[in-house]
Amino acid sequence: MDKRRWTLLIVGVAVALVVILAVVFWPWVRLWLPHPNLITAWFRYLVIDLNIARWGPVATLLLVAIIELVWALNLGRRSNAFDRHWTRLERMHSRELEVLNQEVALLKEERRALRGELELREDLISEEKARLWTRFEGLQRASGLPRELPAGTDPSSGVLRSREVLPDATDLPADLRGEWRQIISQLERIDTISSVSGRKPQSALQAQQRTDELLRLGSACYRLGQYERALRHYNKAAELAPVDAAALINRAVVNQELGRPQSALQDLDRALKSGENAWAYLYRGIVREQLGEAKRAQEDYGKAIRMDGSLAEAYYRRGLLYAEMGEHDKAFQDQNRVLELQPRNAAAFTARGVARAALGDSQWGLNDLDLGCSHAPTSYRAFYERARVRARLQMDEEALVDLERVIELEPSFGPAYLARGDVYVQMGEHAKAIADFDRAIELQPKNPAVYYARGQARAAMREYRHAIEDYEHALDLDPGHARALACRGSAREKIGEYAEAIHDLDRAVALDPNLAIAYYNRGLAYGSLGEYDRASRDLNKAVELDPSLSSQIQASTGVMAD
């Protein structure tokens, strides 16, 4: 509230107070007032005697002039104060403007200096980056890994080769892994600084160069087994180049390694929408195969081969799929094609050897497996497959040598202990077999085949109660395991639990009507109960399904007759 309002308020309050006091104290105040006749006389004096009508206007004008003079003097004083204040503000503004101009000039000089320093640092960073990449490529050559081409050089450039397509790829030597990590960390730091300090929008060429570098960093992290770190680089590459096939395919490979098949499929589908790519079809086939979609995986491998008839990796994966489906002749043909394209492919020799052995050509199969082992002496897979073929050929000592080599190369590979246990069972060394089965169960506690195998070894040692426990574990994991039911029935027959034994064997026959051992064991159980007609029918059925059981049946019936 300004001064004028305060003045009016005070005057109003004073008048109101006077009125209130006059009203309250009127009985006492009227006594002090002059007599009304005196007031009348005084008024007549002013009006009649002094002739106020003549000099009153003059007096009024004089009073107004005095008031205007006072007002003008007061206004002039205020006007001078405003001018003085305005002048003071103008001087202050001028000084501040001058200071600001000086500061702007200093900032411009600092900006020019910083820009020059930044350009110098960018040159130094570029030189350091080039030196690190040169060192990185030198280590890559020293480690025996292929040098990757920049994306865009050919349709498969920049695409990651996973272990599914290069199972015999050599690992980095331990003495180089540390240096690799150091170089990768420095390159990552440079990439971060460059992305933060970038002053200009990147050109298409610069964006492609950075995408290539991110792809190479991601591949290096992948080979080190640092999948999350690799995924970060591929994410950045995909942001820079959303339709770059290599970035999408590589990210899919890493997501597959991390157990994210749906994310991998999404990236592969995106890559194929932007244009057909043989590697995208190949990796989509691998993901679908792991999801149990064998038919669709086979179609994808076929599309990859139709797009690129020289893509050995696609023939290799399709050959493995044919082998799993039991079509060993087609598997053999595909692995043959791989070896035509890559004559020293150890994994293809191994896979072809397995196919040949499955087709009954064990000697040629072993020859291929020998080549697989010689071309990849640090790959446990070739030695494992050769051991299995040797075990089927009763080459027990040679199979044990191969399996020991597998365990030396990969101590946590559970199937090697299972296979060696089977060889020990074949050799009659059941205690050693049980020790291997125990180790296999530690590594693969959810594998029913391991419990079944240990149950067989324990039954051979006449530990029927323990064998029954193992068969029950196998059946808990796989209720449709007909052989485990048949063997549990046999063990129960051995300890006199004939009714339970026949119940198990009935279930085994229901699950697999062509399981000869189930009829054989049920025949023995019926014989133990004295039901010789039923026993005879089951034993005859067993021989019909598996003629090799006839000698065992003759021995068993002889014992029963005795």
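These numbers come from a predicted model, not from an experiment. What you see as residue numbers is a count from 1 along each chain, following the sequence as written. This being a predicted model, a pLDDT of at least 70 is required before a residue's local features are given, and a value of 80 or more before pairs of side-chain atoms are given or counted; all residues contribute to the totals for chains, interfaces and linings. Excluding hydrogens and water, the side-chain figures rest on all heavy atoms present in the structure.

1. Looking at the overall build of the chain
Okay, step 1: Segments assigned H or I by DSSP are reported as helices when at least four residues long, segments assigned E as strands when at least two residues long, and all are numbered from the N terminus. In terms of regular secondary structure, the chain is built from 25 helices and 0 strands.
Okay, step 2: Considering the chain as a whole, with its 562 residues, one finds that 38% of them fall into the buried category.
Okay, step 3: In what follows, a contact means two residues having at least one pair of non-hydrogen atoms within 4.5 Å. Summarising the internal contacts of the chain: among those between residues at least 6 apart in sequence, 52% fall at separations of at least 24.
Okay, step 4: Using a 1.4 Å probe, accessible areas were evaluated by the Shrake-Rupley method; residue-level cover was limited to the displayed protein chains. When the accessible area of the chain is evaluated, it comes to approximately 32900 Å², of which 56% is carbon and sulfur surface. Burial status follows relative accessibility: with a 1.4 Å probe on protein chains alone, a residue under 20% of its type maximum counts as buried, one over 50% as exposed, and anything between as partly exposed.

2. Concerning a positive patch on the surface
Okay, step 1: Patch criteria: residues need more than 30% relative accessible area and no salt bridge. Like-charged residues are merged within 9 Å; nonpolar side chains of Val, Leu, Ile, Met, Phe, Trp and Tyr are merged within 5 Å. Should a side-chain nitrogen of Lys or Arg be within 4 Å of a carboxyl oxygen of Asp or Glu, the pair is scored as a salt bridge. Only four residue types enter the charge count, namely Lys and Arg as positive and Asp and Glu as negative; His and the chain termini do not. Note that the charge is assigned to NZ on lysines, CZ on arginines, CG on aspartates and CD on glutamates. Together, Arg84, Arg88, Arg91 and Arg95 make up a positively charged patch on the protein surface.
Okay, step 2: Along the polypeptide, Arg95 turns up in helix α3 (residues 52–142).

3. Focus: the pattern of salt bridges
Okay, step 1: Under the criterion given, the structure shown has 34 salt bridges.
Okay, step 2: Residues Asp436 and Arg420 are paired through a salt bridge, measuring 2.7 Å at the closest nitrogen-oxygen approach. With Asp436 in helix α18 (residues 430–443) and Arg420 in helix α17 (residues 414–427), this residue pair connects regions lying 16 residues apart in the sequence. Neither Asp436 nor Arg420 differs from the other in exposure class; each is buried.
Okay, step 3: A salt bridge links Glu472 to Arg488; the shortest N-O distance between them is 3.9 Å. With Glu472 in helix α20 (residues 464–477) and Arg488 in helix α21 (residues 482–494), this pair connects stretches of sequence that are 16 residues apart.
Okay, step 4: The structure contains a network of salt bridges with shared partners spanning Asp269, Arg284, Arg288, Glu293, Arg296 and Asp300.

4. Examining the packing of helix α22 (residues 498–511) against helix α23 (residues 516–528)
Okay, step 1: For helices, the axis comes from a line fit to the C-alpha atoms of the stretch in contact; other axes are also lines fit to C-alpha atoms, and the angle between any two N-to-C directions lies between 0 and 180 degrees. Where α22 meets α23, the closest approach of the two axes is 9 Å, and the angle between their N-to-C directions is 155 degrees. Taken together, the axes of α22 and α23 are roughly antiparallel relative to one another. Crossing handedness for the pair α22 and α23: left-handed. The residues of α23 that touch α22, namely those facing Tyr498, Ile502, Leu505, Asp506, Ala508 and Val509, are Ala518, Tyr519, Asn521, Arg522, Ala525, Tyr526 and Ser528.
Okay, step 2: Looking at the contact of α22 with α23, its residues break down into 9 nonpolar, 2 polar and 2 charged. Roughly parallel means an angle under 35 degrees; roughly antiparallel means over 145; roughly perpendicular covers 65 to 115; every other angle is labelled oblique. Two helices cross in a left-handed way if the nearer one is turned anticlockwise from the farther one by less than a right angle. They cross in a right-handed way if the turn is clockwise. Gly counts as polar in this scheme, as do all residues outside two lists: the nonpolar Ala, Val, Leu, Ile, Met, Phe, Trp, Tyr, Cys and Pro, and the charged Asp, Glu, Lys and Arg.

5. Looking at the nonpolar core
Here is a general trend for soluble globular proteins: nonpolar side chains tend to be buried in one another's company.
Okay, step 1: In terms of nonpolar packing, the biggest core is built from 60 residues, with Ile184, Ile249, Trp279, Leu282 and Tyr283 touching the most fellow members.
Okay, step 2: Among the elements that take part in this core, helix α9 (residues 278–290) stands out by supplying 8 residues, more than any other.
Okay, step 3: In contact with Ile249, not counting residues within four places along its chain, are Val159, Leu268, Ala271, Asn277, Trp279, Ala280 and Tyr283.
Okay, step 4: Residues Tyr384, Leu403, Ala491 and Tyr520 belong to the second largest nonpolar core, which totals 58 residues. Throughout this description, the term nonpolar core refers to a set of buried Ala, Val, Leu, Ile, Met, Phe, Trp, Tyr and Cys residues connected via side-chain atoms within 4.5 Å.

6. A closer look at the side chain of Arg288
Okay, step 1: Position of Arg288 among the secondary structure elements: in helix α9.
Okay, step 2: The exposure class of Arg288 is buried, given its relative accessible area of 10%.

7. Focus on unusual backbone geometry
Okay, step 1: A positive phi angle, near 65 degrees, is found at Gln394, a position not held by glycine.
Okay, step 2: Residue class for Gln394 comes out exposed when judged on its relative accessible area of 55%.
Okay, step 3: A positive phi angle is found at Arg462, which is not glycine, with a value near 65 degrees.
Okay, step 4: With respect to the secondary-structure elements, Arg462 resides in the loop between α19 (448–460) and α20.

8. So, the confidence of the model for the chain
Okay, step 1: pLDDT expresses, on a scale from 0 to 100, how confident the predictor is about each individual residue. Per-chain confidence: the chain averages 83 in pLDDT, with 82% of residues scoring 70 or above.
Okay, step 2: Low confidence marks residues 149–156, where pLDDT is under 50. Its contacts with residues over four positions away, or in another chain, come to 14 contacts.

9. Here we look at helix α16 (residues 396–409)
Okay, step 1: One less than the residue count of a helix, multiplied by 1.5 Å, gives the span that helix is expected to have. In this model, α16 (14 residues) spans 20 Å end to end at C-alpha, consistent with the 20 Å of a helix rising 1.5 Å per residue.
Okay, step 2: Buried within α16 we find Asp396, Ala399, Leu400, Asp402, Leu403, Val406 and Ile407. Across the axial projection of α16, the buried residues extend over an arc of 165 degrees, all falling on one side. Of the residues in α16, the exposed ones pointing more than 90 degrees away from the buried face are Glu397, Val401 and Glu408. The arc refers to the directions leading from the helix axis to the C-beta atoms.

10. Section: the side chain of Glu289
Okay, step 1: Along the polypeptide, Glu289 turns up in helix α9.
Okay, step 2: Once residues within four sequence positions are removed from consideration, Glu289 is found in contact with Ala297, Tyr301, Arg317, Leu321 and Glu324.

11. As for a nonpolar patch on the surface
Okay, step 1: Taken together, the side chains of Trp6, Leu9, Ile10 and Val13 make up a nonpolar region of the molecular surface, amounting to roughly 420 Å² of accessible area.
Okay, step 2: Its location among the elements puts Leu9 in helix α1 (residues 3–29).

12. Quick word on the packing of aromatic side chains
Okay, step 1: Pairs were defined over the aromatic rings of Phe, Tyr and Trp, the Trp ring being its six-membered one, requiring ring centres within 6.5 Å. Orientation was assigned from the angle between planes: stacked under 30 degrees, edge-to-face over 60, tilted for the rest. Using the criterion set out here, one finds 5 aromatic pairs in the structure.
Okay, step 2: Seen in terms of ring centroids, Tyr380 and Phe413 are 4.7 Å apart; in terms of plane orientation they differ by 55 degrees. Their pairing is tilted. One end of the pair, Tyr380, is in helix α15 (residues 380–392); the other, Phe413, is in the loop between α16 and α17, with 33 residues separating them in the sequence.
Okay, step 3: Assessed through its relative accessible area of 24%, Tyr380 is described here as partly exposed.
Okay, step 4: For Phe413, a relative accessible area of 11% translates into the label buried.
Okay, step 5: Following the ring pairs from residue to residue traces out a cluster consisting of Tyr380, Tyr384 and Phe413.
Okay, step 6: Lying across the ring of Phe383, Arg405 places its NZ or CZ 5.6 Å from the centre. Look at NZ for Lys and CZ for Arg. If either is within 6 Å of the ring centre and within 35 degrees of the ring normal, a charge sits over the ring.

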